[in-house]
Amino acid sequence: LVQTGVSSAPVGGAPRTVQIHVTPGEAARVASIKLRFAGDLADDPAGQARRDALQAAWPLRPGMRFTQAGWDQAKQTVLSALTGQRYPAGRITSSLADIDPDTATAHLSLELDSAAAYRLGELRVEGLQRYDPALVRRMARLQPGEEYSEARLLQAQQRLGDSGYFDSVLVSLDTGAGQAQAAPVLVQVREAKLQKLVLGVGAS
């Protein structure tokens with residue numbers, strides 16, 4: 001509820017003062033949620049378990065208080081769950097929070113487009129100067145043909161970073177190559193500087 005009032009102008013033509021009183025109404029609560037799917041995930045007969053998992057990952061449940069921050073976080077949560085496994089190019093194609101002020105309810109709908117399912121292709125290593133690319137491939141342990149997994153790429157990145165050979169490592173999937181069934185894996189490294197150990201022996 002919003003109430004406004006304007007004070008009378010004093011002598012001399014000074015500006016008037018506008019007063020606004022706001023009375024918050026009842027907080028809206030989630031009444032319904034509708035998740036829709038498009039892309040390979042929607043067409044995959046064996047994808048029901050994954051669709052159920054995404055439904056379960058949705059954190060904003062019926063009866064919970066609706067807030068803009070909670071709505072934004074819920075969308076990010078379910079999108080991250082989608083793109084973390086098999087569908088790195090997934091995106092939100094539409095979202096709507098329909099708020100009914102008379103009943104203080106929120107009706108939510110969201111459409112997720114998974115795009116294509118991705119598999120790993122060749123490993124492309126950039127930044128090597130002294131080491132053989134075979135060293136990187138051996139430590140990364142990523143096999144061409146395996147399903148994309150963000151966790152697997154992060155594990156490979158961690159192994160390479162912990163090896164001591166490199167100062168920095170970034171492992172990512174090239175989703176712009178147009179090769180969903182054999183997407184190149186980019187490994188960008190900066191080699192660690194050579195260390196020199198000097199030992200001295202003295203006698204008297």
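Residues numbered from 1 in each chain as written. Predicted model: local features only at pLDDT ≥ 70, side-chain atom pairs only at ≥ 80, totals over all residues. Heavy atoms only, no water.

A. Here's a closer look at the packing of helix α2 (residues 48–57) against helix α3 (residues 68–83). Relative orientation of the contacting elements α2 and α3 amounts to 155°, with a least axis distance of 9 Å. Classified by the angle between their axes, α2 and α3 sit roughly antiparallel to one another. Note on packing geometry: the crossing formed by α2 with α3 is right-handed. Across the interface between the two elements, R50, L54 and A57 of α2 pack against T77, V78, A81 and L82 of α3. Taken together, the residues that form the contact of α2 with α3 break down as five nonpolar, one polar and one charged. (Axes fitted to C-alpha atoms, helices over the stretch in contact; angles between N-to-C directions. Helix = DSSP H or I, 4+ residues; strand = E, 2+ residues; numbered from the N terminus. Parallel < 35°, antiparallel > 145°, perpendicular 65-115°, else oblique. Left-handed = near helix turned anticlockwise from the far one by under 90°. Contact = heavy atoms within 4.5 Å. Nonpolar A, V, L, I, M, F, W, Y, C, P; charged D, E, K, R; others polar.)

B. Region of the structure containing the nonpolar core. Among the nonpolar cores identified, the biggest contains 21 residues, and L142, L160, V171, L173, V185 and V187 are the most heavily contacted of them. Contributions of two or more residues to this core are made by β6 (120–126), α4 (133–140), α5 (150–162), β7 (166–173) and β8 (183–191). Those residues in contact with L160 that sit more than four places away from it in its chain are V136, M139, A140, F166, V169, V171 and V187. In this structure, A28, V30, W58 and L112 belong to the second largest nonpolar core, which totals 20 residues. (Core = buried A, V, L, I, M, F, W, Y, C linked by side-chain atoms within 4.5 Å. Buried < 20%, exposed > 50% of the residue type's maximum accessible area, 1.4 Å probe, protein only.)

Structural measurements only, silent on function.
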